[in-house]
Amino acid sequence: MSFLYRVSGLCIASDRQFPLLAGVPDEGSAADVTIRFAPVPEEEGRACGHFRILGPGRLDLVIPDVARVRIAGGREMTVDMAPGAAEGALQTYLFGPAFAALLYQRGQIPLHAGAVRLDGEGAVAVAGHSRAGKSTTTRALMRAGHALFCDDQLVVDAATGLAQAGFPALKLWGGALAHFGEEIGARAQVAQGVDKYHVAAPGGFDLSPAKLRAVCILAPDAEIKAPSLSRLPVPEAVAALSMLAHHAYVADAIGRRGDLFRFSAALAGRVPVYLLSRPNDLAGLDLVIDRVREAGRTAAA
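First, a word on what this report is: a plain description of the structure on this page. The model shown is predicted, which means the values in this text are computed figures rather than measured ones.

**A few points about the environment of A266**
For A266, the location among the structural elements is in helix α6 (residues 257-270). A relative accessible area of 33% means that A266 is categorised as partly exposed. It is 10.0 Å that separates the C-alpha atoms of A266 and V234, two residues lying 32 residues apart in sequence.

**Concerning the pairing of strand β8 (residues 76-81)**
Where strand β3 (residues 33-37) and β8 come together, four bridges link them in parallel fashion. The partner of T34 across the bridge, within β8, is E76. Pairing analysis gives six bridges linking strand β7 (residues 67-72) to β8, with the strands arranged antiparallel. Across the sheet, residue V69 finds its bridge partner in β8, namely V79.

**A look at the sheet that holds strand β4 (residues 46-48)**
In any sheet, the strands associate via hydrogen bonds between backbone groups, in a parallel or an antiparallel arrangement. Spatial ordering of the open sheet is given by β1-β2-β3-β8-β7-β6-β5-β4, a layout of eight strands whose pairing is mixed. Pairing within the sheet leaves two strands with one partner each, and these edge strands are β1 (3-7) and β4. In this sheet, adjacent strand axes meet at a mean angle of 25° when their direction is disregarded. Strands in contact with helix α1 (residues 87-105) are β1, β2 (10-14), β3, β5 (51-55), β6 (58-63), β7 and β8; relative to β8, the strand with the most contacts, it is inclined by about 150°.

**Observations concerning α6**
The first and last C-alpha atoms of α6 sit 20 Å apart over 14 residues, in line with the 20 Å expected at 1.5 Å per residue. Residues of α6 that are buried: D259, L260, F263, S264, L267 and A268. In a view along the axis of α6, the buried residues occupy a sector of 150°, so they form one face of it. For α6, exposure combined with an orientation more than 90 degrees from the buried face picks out R262 and G269. For α6, the elements touching its buried residues are β9 (110-111), β13 (154-157), β17 (210-221), α4 (234-242) and α5 (248-253).

**Focus: the side chain of T78**
Locating T78 in the fold gives a position in strand β8. For T78, a relative accessible area of 9% translates into the label buried. Residues contacting T78, with those up to four places away along its chain left out, are R36, A38, V40, R68, V69 and R70.

**Considerations on unusual backbone geometry**
Unlike most non-glycine residues, R131 shows phi in positive territory, near 70°. With respect to the helices and strands, the residue R131 is situated in the loop between β11 (122-127) and α2 (134-143). By relative accessible area, R131 is classed as exposed at 66%.

**Thoughts on the packing of α4 against α6**
Interaxial distance between α4 and α6 falls to 8 Å at its minimum, and their mutual angle equals 140°. Viewed along their axes, α4 and α6 adopt a mutual orientation that is oblique. When the axes of α4 and α6 are compared, the crossing they make is right-handed. Contacts between α4 and α6 involve V234, A237, V238, L241 and S242 from the former and R257, L260, F261, S264, A265, L267 and A268 from the latter.

**Section: the packing of aromatic side chains**
Evaluated as defined, the whole model comprises six aromatic pairs. On the basis of an interplanar angle of 40° and a centroid distance of 6.1 Å, the ring pair of F18 and F37 is categorised as tilted. With a gap of 19 residues between them, F18 in the loop between β2 and β3 and F37 in strand β3 connect regions that are remote in the sequence. Take F37: its relative accessible area is 22%, and that puts it in the partly exposed class. Grouped by ring-pair contacts, the aromatic residues Y5, F18, F37, F95, F99 and F167 constitute a single cluster. We note R16 situated over the ring of F37; from NZ or CZ to the ring centre the distance is 5.1 Å.

Thresholds, definitions, all that
- Residues numbered from 1 in each chain as written.
- Predicted model: local features only at pLDDT ≥ 70, side-chain atom pairs only at ≥ 80, totals over all residues.
- Heavy atoms only, no water.
- Helix = DSSP H or I, 4+ residues; strand = E, 2+ residues; numbered from the N terminus.
- Buried < 20%, exposed > 50% of the residue type's maximum accessible area, 1.4 Å probe, protein only.
- Pairing = 2+ DSSP bridges.
- Axes fitted to C-alpha atoms, helices over the stretch in contact; angles between N-to-C directions.
- Contact = heavy atoms within 4.5 Å.
- Expected span 1.5 Å × (residues − 1).
- Arc of directions from axis to C-beta.
- Parallel < 35°, antiparallel > 145°, perpendicular 65-115°, else oblique.
- Left-handed = near helix turned anticlockwise from the far one by under 90°.
- Phe/Tyr/Trp six-rings, centres within 6.5 Å; stacked < 30°, edge-to-face > 60°.
- Lys NZ or Arg CZ within 6 Å of the ring centre and 35° of its normal.

Take a look at the structure:
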């Protein structure tokens, strides 16, 4: 039996169900990506973080006690799941670094960003490095009435500014859940022993694409009391975006660094990029989301 999903504009056929993903009906079209669960023999390769580069168009993601995932040609992922591995951890790595590598193989650049829909037709991205507060800010925007568009990994056509809806769940630290008054309960951990959890988008998930109105790059700053928003000149925006590709070291390892810079230049020329400096705590979160909405609505005006 095959299960069909759509993630970042790609139709995915899997021989295993993924509880956190948004399913789509079988419309008879061929899948862009096939995921199958089967043994993956270990092969010699060049080490690159958790990856092993095996050759042109082939690499493995190896996460001990979770899975070995072989990613091939931008079209196939074969998952050798470790006995007893948690479903939450599997989905974290499969639709995080493994999916990023697959996108690079396809010549696409995943931005390290979450995003929400604004006013029905557009989207605004919240970008930043790990622990910058992307998911927490995205959750605050959702609490203010904006629908989740993606978490952690944003795919956008730099030539048109059209973004694709991504993974339909957030990954939130336990402290952030407490801030929002939400219980951990039976939520799946993103990785064993990590106080961070998958939080599904409430009320369903809209898979339709949206025009990207703005990118806000979060910059936590312990020295400031209130958030500030400033638009980056295009050259600075290009440099900033080129540092925010998700798992960019994989692009380097498979010879896609040039794609990354071309993408950054094209996107910065079409979509406004802002630096959003914010206090390094959750006290001023409402003011932070006001600045994000300001960026999105100013760009749409």
